[in-house]
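Residues per chain, in single letters:
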Amino acid sequence: MSQKFIKAKNNNQRSNAYGKFFAQAIYGDKFIETEDIADFIQQQASVKKSDIVAVLTELGDALKHYFEMGQKVRIKGFGIFKVGFSSIGVATKDECTASTISSRRVLFQPETERVVVGQEIGKNGKLKQKYVVAKRMIKDVAFEETPDNIMNIKAAASSGE
């Protein structure tokens, strides 16, 4: 399988990229739910689906618990979760309180790894490796263009045309 994309034109006249084409991700029309993930994991490991569902269900409460304690959470092979927020600007340090926090969100940073992509001779004449930092979960994801009309067919089907 692969991540599907279409070619989309930027029609925002105020954008520096106006008129240019970009790859735009296309996703399946349903969410993958906890049960689906549990089925997949069950096929890969020697754990029962009911146990996996229980663990995944408790994960949200566990994250909330540690967020309330001001902690970041690292799940090996997955990434780091932490709280992020925005606040309104105020004139003085004393005015900057928890009440100025205007929005909150969960930030996720996927686990990364260095992937060697070649070698080159450095300025000092020594051979050095060239590498990129790849997000571990998506480094092997393939991409495949899909025709624009597939989106039109899905949109028509969902609107009842």
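Note: the structure precedes this text.
All figures in this text were calculated on a predicted structure; none of them were measured in a lab. (Residues numbered from 1 in each chain as written. Predicted model: local features only at pLDDT ≥ 70, side-chain atom pairs only at ≥ 80, totals over all residues. Heavy atoms only, no water.)

Can you walk me through the pattern of salt bridges in this structure?
Any two side chains of opposite charge can pair if their charged atoms end up close together. This structure, assessed with the given rule, holds seven salt bridges. The partner of K4 in a salt bridge is E144, and the shortest N-O contact between them spans 3.2 Å. Pair noted here: K4 is in strand β1 (residues 3-9) and E144 is in strand β8 (residues 143-145), with a separation of 140 residues, a long-range link. For E120, the salt bridge identified is with K128, shortest N-O distance 3.6 Å. By relative accessible area, K128 is classed as partly exposed at 44%. Through salt bridges with shared partners, a single network forms among E35, D39 and K49. (Salt bridge = Lys/Arg side-chain N within 4 Å of Asp/Glu carboxyl O. Helix = DSSP H or I, 4+ residues; strand = E, 2+ residues; numbered from the N terminus. Buried < 20%, exposed > 50% of the residue type's maximum accessible area, 1.4 Å probe, protein only.)

Honestly, helix α2 (residues 49-68) in this entry has me stumped. Any pointers?
Each full turn of the α-helix corresponds to 3.6 residues, which orients residues three or four apart in the same direction. Its 20 residues place the ends of α2 29 Å apart at the C-alpha level, agreeing with the 28 Å of an ideal helix rising 1.5 Å per residue. In α2, a bend of some 30° at L59 exceeds every other bend along the element. Among the residues of α2, I52, V53, L63 and F67 are the ones counted as buried. Positive backbone phi, at 75°, marks G70, one or two positions downstream of α2. (Expected span 1.5 Å × (residues − 1). Bend = angle between axes of the 7 residues up to and from the residue.)

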